[in-house]
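# Coordinates in review
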Amino acid sequence: MASRARNEFDVPASPAAVTDAVQRVVHDQGHRPVGQSPDGLQLAFVTKKTAFTWELETSVLITPTPQGSHVTIDLDTQPGRPKALLDGRKNKKAAQRLADEIQAALA
């Protein structure tokens, strides 16, 4: 019963701009920040609980590229929460939704 999900994408924006966009999404969506690397290229947060999902432990890794930035989102059901058969599918959709929100914040 795999529940981990990953989404990766490239954006033509600087790593600093992507970090700012991720921080805005976290704040605007009411998620709880839990850590950030000193350079701001790794961010960790816990998504808020919804009617259909438990909190999701989420990390975002921003890698500089010649064209801008490569963004990797990893998320999984928070430890200690029960896992369900469809968590993998739901978490994949949540990772895509988060990617879409970050890209929209960059626009």
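In case you missed it, the structure is sitting above this.
For clarity, every value in this text was computed on a predicted model and none was experimentally measured. One numbering rule holds for all chains: residues counted from 1, following each sequence as written. Per-residue local features are limited, in this predicted model, to residues with pLDDT of at least 70; the limit for side-chain atom pairs, both in listing and counting, is 80 or more; totals at the level of whole chains, interfaces and linings are taken over all residues. To get the side-chain values, take all heavy atoms of the structure and skip hydrogens and water.

## Points about the overall build of the protein chain
Cut-off, in case you're wondering: We count a stretch as a helix when DSSP gives it H or I for four or more residues in a row; a strand needs E for two or more, and each element gets its number in order from the N terminus. Burial classes follow relative accessibility: with a 1.4 Å probe on protein chains only, a residue under 20% of its type's maximum area counts as buried, one over 50% as exposed, and anything between as partly exposed. In what follows, a contact means two residues having at least one pair of non-hydrogen atoms within 4.5 Å. The protein chains shown are the only cover counted for residues, whose accessible areas, like all others here, come from Shrake-Rupley with a 1.4 Å probe.
The helix and strand inventory of the protein chain stands at 2 helices and 5 strands. Reading the secondary structure of the protein chain in the N-to-C direction produces β-α-β-β-β-β-α. Burial status across the protein chain gives 41% buried among its 107 residues. Long-range contacts, defined here as pairs at least 24 residues apart, represent 50% of the contacts in the protein chain between residues at least 6 apart. Carbon and sulfur atoms make up 55% of the accessible area of the protein chain, which totals about 6300 Å².

## Section: the environment of V11
You can see V11 is positioned in strand β1 (residues 5–11). Distance in space between the C-alpha atoms of V11 and S69 is 5.4 Å, their sequence separation being 58 residues. When sequence neighbours within four positions are dropped, the list of residues in contact with V11 reads V18, Q67, G68, S69, V71, Q103 and L106.

## Description of the pairing of strand β2 (residues 32–36)
Basically, it comes down to this: Note: two strands are recorded as paired if DSSP finds a minimum of 2 bridges between them.
Relative to strand β3 (residues 42–46), β2 runs antiparallel, the two being bridged by 4 bridges. Residue pairing across strands places G35 opposite A44, the latter belonging to β3.

## With respect to the environment of R97
Along the chain, R97 turns up in helix α2 (residues 87–106). Residue R97 is classed as partly exposed on the basis of its relative accessible area of 47%. It is 9.7 Å that separates the C-alpha atoms of R97 and N7, two residues lying 90 residues apart in sequence.

## Looking at the nonpolar core
How we decide: In these notes, a set of buried Ala, Val, Leu, Ile, Met, Phe, Trp, Tyr and Cys residues joined through side-chain atoms within 4.5 Å is what counts as a nonpolar core.
Counting 23 residues, the largest nonpolar core has V22, I73 and I102 as its most contacted members. Of all the secondary-structure elements, those providing two or more residues to this core are β1, α1 (15–29), β3, β4 (56–65), β5 (68–77) and α2.

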